[in-house]
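# An overview of the molecular structure
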Amino acid sequence: MRSFFASSLLGLSLIAAPLGAQEIVTTPIDQIPLDELIGQLTTVPNEEEEELLTTVTEAVTLQVASATSGELRVLDKLTGYVTDLTLGTGETASLGFLTVTMTDCRYPVDNPSGDAFTALLVRDTREATPLFSGWMLASSPALNAMDHPRYDVWALRCITS
């Protein structure tokens, strides 16, 4: 690995040398003082920005209601094929070796189209343990995402009518 890195640096210097007297200087990160690194990463807000910064110390509650069905999206990363599933509470759909069961779909009472919270159970029929079991949020799919090399599953919305 080191010889490949050294040869690539040699190649870079041979190409860069005819263009002008350019010199590339690198400093290993372990030779830079820690306080200098922290100083580069730390930002101090302006006085105007301090008014906009708030800290929440209390739990935020949201009134939710359960829907009879919900909509999910499944992506097959291997083929690039996207499938939208409409499942009722307790229903299961199969896509190849993947089975998706929606156990609940909840939505905010104040804004039914604003978000969806779906409880899902995702299984590979060839395995004993579930791939995913928990809640997915439509507004934040990465918050509690399913980790699978081939499939991605997202909650889209609850169907309220």
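Just above, that's the structure.
What this report covers is the structure whose coordinates are included nearby. The residue numbers shown here count from 1 along each chain, following its written sequence. Reporting of local features is limited, given that this is a predicted model, to residues whose pLDDT is at least 70; pairs of side-chain atoms are given and counted only at 80 or more, and all residues count toward the totals for whole chains, interfaces and linings. Derived side-chain values reflect all non-hydrogen atoms in the structure, with water molecules and hydrogen atoms excluded from consideration.

## Quick notes on the overall build of the protein
In DSSP terms, a helix is any run of H or I states spanning at least four residues, a strand is any run of E spanning at least two, and both are numbered starting from the N terminus. Per the secondary structure count, the protein includes 3 helices and 8 strands. Along the protein, from the amino end to the carboxyl end, the secondary structure elements read α-α-α-β-β-β-β-β-β-β-β. Burial classification: accessible surface area is computed with a 1.4 Å probe over protein chains only, and a residue below 20% of its type maximum counts as buried, one above 50% as exposed, and the rest as partly exposed. Expressed as a percentage of the 161 residues in the protein, the buried residues total 25%. Whether two residues are in contact is decided by their heavy atoms, any of which lying within 4.5 Å being enough. Of all intrachain contacts in the protein linking residues separated by at least 6 positions in sequence, the fraction that spans at least 24 positions is 43%. When the accessible surface of the protein is totalled, it reaches about 11900 Å², and 56% of it is carbon and sulfur. Here, Shrake-Rupley sampling with a 1.4 Å probe gives the accessible areas, and only protein chains in the shown set may cover a residue.

## Description of the packing of aromatic side chains
Centre distance within 6.5 Å is the pairing criterion for rings of Phe, Tyr and Trp, where only the six-membered ring of Trp is used; planes under 30 degrees apart are then read as stacked, over 60 as edge-to-face, and the remainder as tilted. Tallied over the entire structure, the rule returns 0 aromatic pairs. Lysine and arginine charges are scored as sitting over a ring when NZ or CZ, respectively, is within 6 Å of the ring centre and within 35 degrees of the ring normal. Directly above the ring of Phe97 sits Arg126, whose terminal nitrogen or CZ lies 4.0 Å from the centroid.

## A closer look at the sheet that holds strand S8 (residues 151-159)
Think of it this way: DSSP has to see at least two bridges between two strands before they count as a pair. Ordered by their spatial adjacency, 3 strands build an open sheet running S3-S2-S8, and the pairing between neighbours is antiparallel. A strand with exactly one partner marks an edge of an open sheet, and here the two such strands are strand S3 (81-88) and S8. When strand polarity is set aside, the average angle formed by the axes of neighbouring strands in this sheet is 20°. Pairing analysis gives 8 bridges linking strand S2 (residues 69-76) to S3, with the strands arranged antiparallel. Across the sheet, residue Leu72 finds its bridge partner in S3, namely Leu85. Inter-axis angles, ranging from 0 to 180 degrees, are taken between N-to-C directions of lines fitted to C-alpha atoms, where helices are fitted over the stretch in contact.

## Considerations on the state of the cysteines
When two cysteine sulfur atoms lie within 2.5 Å, the pair is treated as a disulfide. Using the criterion set out here, one finds 1 disulfide in the structure. Linked covalently through their sulfurs, Cys105 and Cys158 form a disulfide whose S-S length is 2.0 Å. With the S-S bond torsion at -105°, the cross-link from Cys105 to Cys158 turns out left-handed. With Cys105 in strand S5 (residues 98-108) and Cys158 in strand S8, this residue pair connects regions lying 53 residues apart in the sequence. Of the two residues, Cys105 and Cys158, both sit in the buried class.

## What about the pattern of salt bridges?
The rule for a salt bridge is simple: a side-chain nitrogen of Lys or Arg has to be within 4 Å of a carboxyl oxygen of Asp or Glu. Inspection of the entire model under this criterion finds 6 salt bridges. The closest approach of N and O atoms between Arg157 and Glu71, which form a salt bridge, is 3.0 Å. Highlighted residues: Arg157 in strand S8 and Glu71 in strand S2, separated in sequence by 86 residues. Given a relative accessible area of 43%, Arg157 falls into the partly exposed group.

## Remarks on the nonpolar core
Grouped together as the largest cluster of nonpolar side chains are 21 residues, with contacts concentrated most on Val100 and Leu120. Looking at this core, the elements that each hand over two or more residues are S2, S3, S5, strand S6 (117-124), strand S7 (132-137) and S8. Here this core takes 5 residues from S5, the largest share from any one element. The residues touching Val100, leaving out its near neighbours within four places in the chain, are Leu72, Leu85, Leu87, Glu91, Thr92, Ala93, Leu120, Leu121 and Val122. We define the nonpolar core as a collection of buried residues of types Ala, Val, Leu, Ile, Met, Phe, Trp, Tyr and Cys that are connected through side-chain atoms lying within 4.5 Å of one another.

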